[in-house]
Amino acid sequence: MSITYVASSRLPTPFGVFTMHGFEDSATGKEHIALSMGDVGNGEPVLARAHSECLTGDALFSMRCDCGYQLEAALRAVAEAGHGVVLYLRQEGRGIGLLNKIRAYHLQDQGADTVEANEQLGFGADMRDYSMCQPMLEHLGIKAIRLMTNNPRKVKALSAAGVQVVERVPLEVGRNPHNDGYLNTKASKLGHYLPQPPQAPAITHQDDDPAS
Ligand SMILES: Nc1nc2c(ncn2[C@@H]2O[C@H](COP(=O)(O)OP(=O)(O)OP(=O)(O)O)[C@@H](O)[C@H]2O)c(=O)[nH]1
Ligand SMILES: [Zn+2]
């Protein structure tokens, strides 16, 4: 197993006081963290989020995506429930890394969508791996989760990685004019459960109208 638990500490946030647990992945050199609150090891399914790193959205307030809004909503939801966990996974840019994400954003500025941009750079649409989640959850004594996500591939990937996902909890927050197209591409090309934009009404010409 390449995941090693390293240390835990208190992490006070505006939403409540979490416990932060640090893990090291010797296979990738990545440092992942889990933020837990309350009793998560009592066998009950735990409200959980597996959040992939997005420096721009999570730390720099970017409105190009919904990541920062989702991270805040997930922390808030766990605090309101009184117990739960947020795994913060260091797989920036859906696994392509920060600098490649900037390259992808540049292509998106020129008209590509988020999937096309990855492909033009020679990457798959989603290069993430969730194999670190099961050992991290196991360390915390968590046997089953209620996963906050809109991404059906994430539910499948976590289940395939040995995590028991008993429920998907929608996490639809942060839509704005800058990420509207991005979210629509997530829904149409990546299969996310997100409301689709309203279809434009079909234009009826007077000649086509049987009543006229
Ligand atoms: N390559 C690439 N990555 C992006 C782009 N926008 C956001 N990301 C990354 O996409 C990932 C989003 O991860 P999550 O918040 O787990 O979102 P998700 O898998 O879409 O599904 P949810 O659980 O519904 O949020 C992060 O790693 C971001 O850095 C983009 O335009 N291109
Ligand atoms: Zn983001």
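Residues numbered from 1 in each chain as written. Chains lettered and ligands numbered in written order. Predicted model: local features only at pLDDT ≥ 70, side-chain atom pairs only at ≥ 80, totals over all residues. Heavy atoms only, no water.

Stated formally: UniProt positions are given in the numbering used here, feature names are shortened, and annotations may be inferred rather than shown by experiment.
With an unreviewed UniProt entry as reference, the chain is termed GTP cyclohydrolase-2, source organism Venatoribacter cucullus. As stated in UniProt under Function (unreviewed entry), the record for the chain gives "Catalyzes the conversion of GTP to 2,5-diamino-6-ribosylamino-4(3H)-pyrimidinone 5'-phosphate (DARP), formate and pyrophosphate." Under the Catalytic activity (unreviewed entry) heading, UniProt states for the chain: "GTP + 4 H2O = 2,5-diamino-6-hydroxy-4-(5-phosphoribosylamino)-pyrimidine + formate + 2 phosphate + 3 H(+)".

1. Some words on the side chain of R128
The following threshold applies: Here a strand is any run of E in DSSP of at least two residues, a helix any run of H or I of at least four, and the numbering for each starts at the N terminus. We call a residue buried when its accessible area falls under 20% of the maximum for its residue type, exposed when it is over 50%, and partly exposed in between, using a 1.4 Å probe and counting protein chains only. Throughout this description, a polar contact denotes any pair of N or O atoms lying within 3.5 Å of each other; where both atoms belong to protein, one of them has to be capable of donating a hydrogen while the other can accept it, and for residues adjacent in sequence the pair is counted only when both atoms sit in side chains. Should any heavy atoms of two residues lie within 4.5 Å, those residues are counted as being in contact.
By the secondary structure assignment, R128 is in the loop between α4 (114-120) and α5 (133-139). A relative accessible area of 18% places R128 in the buried class. Engagement of the side chain of R128 in a polar contact is seen with the side chain of D126, the distance being 2.9 Å. A distance of 3.3 Å separates polar atoms of two side chains, one belonging to R128 and the other to Y130. Not counting residues within four places of it along the chain, the set of residues in contact with R128 comprises S52, Q91, R94, G95, N151 and K154.

2. Quick look at the pairing of strand β3 (residues 31-37)
In plain terms, the rule: Strand pairing requires that DSSP identify at least two bridges connecting the strands.
Taken across its seven residues, β3 has five buried, putting it largely inside the fold. As paired strands, strand β2 (residues 16-25) and β3 are joined by six bridges and run antiparallel to one another. Across the sheet, the residue bridging to T19 is S36, located in β3. Count of turn residues in the β2/β3 antiparallel hairpin: five residues, of which G29 carries a positive phi of about 80 degrees.

3. Structural notes on the sheet that holds strand β4 (residues 46-52)
By definition, the strands of a sheet pair up through backbone hydrogen bonds, in either a parallel or an antiparallel sense. In plain terms, the rule: To obtain each axis, a line is fitted to C-alpha atoms, and for helices this fit is confined to the stretch in contact; angles are then taken between N-to-C directions over 0 to 180 degrees.
The sheet built from seven strands is open, its strands ordered β1-β2-β3-β5-β4-β6-β7 with mixed pairing. A strand with exactly one partner marks an edge of an open sheet, and here the two such strands are β1 (3-13) and β7 (164-169). Taking each pair of neighbouring strands and ignoring which way they run, the sheet shows an average axis angle of 25 degrees. Pairing of β4 with strand β5 (residues 84-89), which is carried by five bridges, proceeds in the parallel orientation. Its bridge partner lying in β5, H51 is registered against Y88. Together, β2, β3, β4, β5 and β6 (144-148) form the strand contacts of helix α2 (residues 67-81), whose direction differs from that of β4 by roughly 160 degrees.

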